[in-house]
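Structural overview
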Amino acid sequence: MDTVTLERFELVGPLGSGADYDVRAAVDRETGEPVVLKRPSPQSVSRQMHGPVEERTARALEAYESAGQYCDSVPRVVGITEVAVHDEYFGEDLGHPYSVRVEERAGGIPLVGDPRSRILRVPIGLGQNLFALHPLSLPDMVADWPVQTQLLEAQEIYANAGYALLDLGPHNVFYSPGTGRIALVDASALVGHGVESSQGNRGPQDIHDFYVEMVKFYLAPQLPPADTAGYFDPYNQRPVISVEDECDDLVRSFAASDDQLRETATACIQKVRQRGYSAVSDFGADLRECLRLINIRNDRMPDRPAALEAWRGALHRLSEDHWTRYQFDAHTELAALAG
């Protein structure tokens with residue numbers, strides 16, 4: 001992994017901050033390309049509680065060198081700084097050393113945006129609903145179900161290297177509507193190669209936790225919304241606490257689906273509950289069968305033209321100023337979709 005200095009990068013502004021990481025936008029002075037700087041949250045650094053985050057970063061970089069750099073959905077890692085005090089660069093007075101990871105900046109919009117944007121009436125669930133759950137229109141060069149297909153491909157690459165990628169909910173996935181490409185903006189939650197597999201009260205985790213996420217966030221038991229507002233709110237955003245409870249909820253969610261979809265989805269969910277999949281490809285085959293049945297169901301909708309009109313009305317909301325904060329040009333990317 002290349003060692004870089006922060007002086008190489010010109011700060012642009014904050015992108016987000018969570019319990020673990022603070023993320024800033026910057027520009028690479030050498031290449032002119034946009035990048036992101038990821039560091040432990042300043043609060044944890046000031047309290048000298050950022051050791052676990054540094055360990056997580058190290059594990060993520062090990063996995064990146066084994067698998068991520070071969071995965072088109074994972075942004076390229078430019079490098080990482082030495083562990084040092086970076087107060088002068090960030091204009092702070094934390095007084096403790098830490099490392100900063102530098103990655104290329106992901107293109108597109110988050111499938112689910114920052115919940116704080118709801119205060120400004122931003123429809124933060126547009127990406128998930130329009131492009132993952134109900135992709136009623138796609139550019140000619142984009143195959144069906146691009147989000148699910150690429151998530152499965154990324155997981156298979158990591159699995160072949162001995163890892164399982166977790167926490168791939170829609171808040172950690174960016175999507176470019178014009179190309180159909182996804183980007184995993186946080187590929188640091190993983191298990192494998194001795195990584196601790198227990199998270200809080202959830203107990204041991206493995207790749208079946210990813211399968212739960214795939215059904216929970218990326219498989220729609222219901223028809224596409226009949227009105228534009230039905231695309232605005234994120235779907236199924238309650239955190240996964242228990243795989244057992246989650247599987248119970250997912251089975252119930254498909255209870256009202258047509259017989260074939262209900263039976264196929266339920267069988268898939270029960271196999272996840274039993275941790276019965278031996279390979280990503282086996283789960284992927286069952287998930288793709290569910291998606292095929294959803295295509296058939298949607299094609300037979302009694303009023304598909306009205307549903308498509310609602311979809312396009314929601315799509316238009318991506319032309320609003322809020323989305324310009326991302327690497328996303330609405331005029332260019334939506335031209336092939338607006339029809």
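Residues numbered from 1 in each chain as written. Predicted model: local features only at pLDDT ≥ 70, side-chain atom pairs only at ≥ 80, totals over all residues. Heavy atoms only, no water.

An unreviewed UniProt entry annotates the protein as Protein kinase domain-containing protein originating from Geodia barretti.

**Details of the pattern of salt bridges**
The tally for this structure, following the rule as stated, stands at 25 salt bridges. Linking Arg116 and Asp114 is a salt bridge whose minimum nitrogen-to-oxygen distance equals 2.7 Å. By relative accessible area, which is 26% here, Asp114 ends up partly exposed. Between Asp206 and Arg275 there is a salt bridge, with the nearest N and O atoms lying 2.5 Å from each other. Of this pair, Asp206 sits in the loop between β10 (190–191) and α6 (207–218) while Arg275 sits in the loop between α8 (259–273) and α9 (280–299), placing them 69 residues apart in sequence. A single network of salt bridges, built from pairs that share partners, joins Lys216, Arg238, Glu246, Asp249 and Arg252. (Salt bridge = Lys/Arg side-chain N within 4 Å of Asp/Glu carboxyl O. Buried < 20%, exposed > 50% of the residue type's maximum accessible area, 1.4 Å probe, protein only. Helix = DSSP H or I, 4+ residues; strand = E, 2+ residues; numbered from the N terminus.)

**Re the packing of helix α5 (residues 146–160) against α6**
Between α5 and α6, whose axes approach to 12 Å, the crossing angle comes to 175°. For the element pair α5 / α6, the angle class is roughly antiparallel. The residues of α6 that touch α5, namely those facing Val147, Gln148, Leu151, Leu152, Gln155 and Ala159, are Ile207, Phe210, Met214 and Tyr218. Grouping the amino acids of the contact of α5 with α6 by side-chain chemistry returns eight nonpolar, two polar and no charged. (Axes fitted to C-alpha atoms, helices over the stretch in contact; angles between N-to-C directions. Parallel < 35°, antiparallel > 145°, perpendicular 65-115°, else oblique. Contact = heavy atoms within 4.5 Å. Nonpolar A, V, L, I, M, F, W, Y, C, P; charged D, E, K, R; others polar.)

**With respect to the pairing of strand β5 (residues 101–104)**
Here four bridges tie strand β3 (residues 34–40) to β5, and the two strands are oriented antiparallel to one another. The residue bridging Val36 from the neighbouring strand is Glu103, located in β5. Taken together, the three bridges between strand β4 (residues 77–80) and β5 define a ladder with antiparallel strand orientation. Of the residues in β5, the one forming a bridge with Ile80 is Arg101. (Pairing = 2+ DSSP bridges.)

**Examining the layout of surface pockets**
Over the atoms, a rolling probe the size of a water molecule traces out where space has been left empty. Quantified by volume, the second largest pocket comes out at close to 240 Å³. Lining the second largest pocket we find 16 residues, and of these Pro75, Glu104, Arg105, Ala106 and Gly107 sit closest to its centre. Elements represented by at least two residues in the lining of the second largest pocket include exactly β8 (173–176) and β9 (181–184). In terms of residues, the lining of the second largest pocket owes the most to one element, β9, which gives three residues. (1 Å grid on protein atoms, 1.4 Å probe; cavity = no way out; pocket = protein on both sides within 12 Å on 5 of 7 lines; lining within 4 Å. Points joined across faces, edges and corners; volume = space filled by probe spheres on them.)

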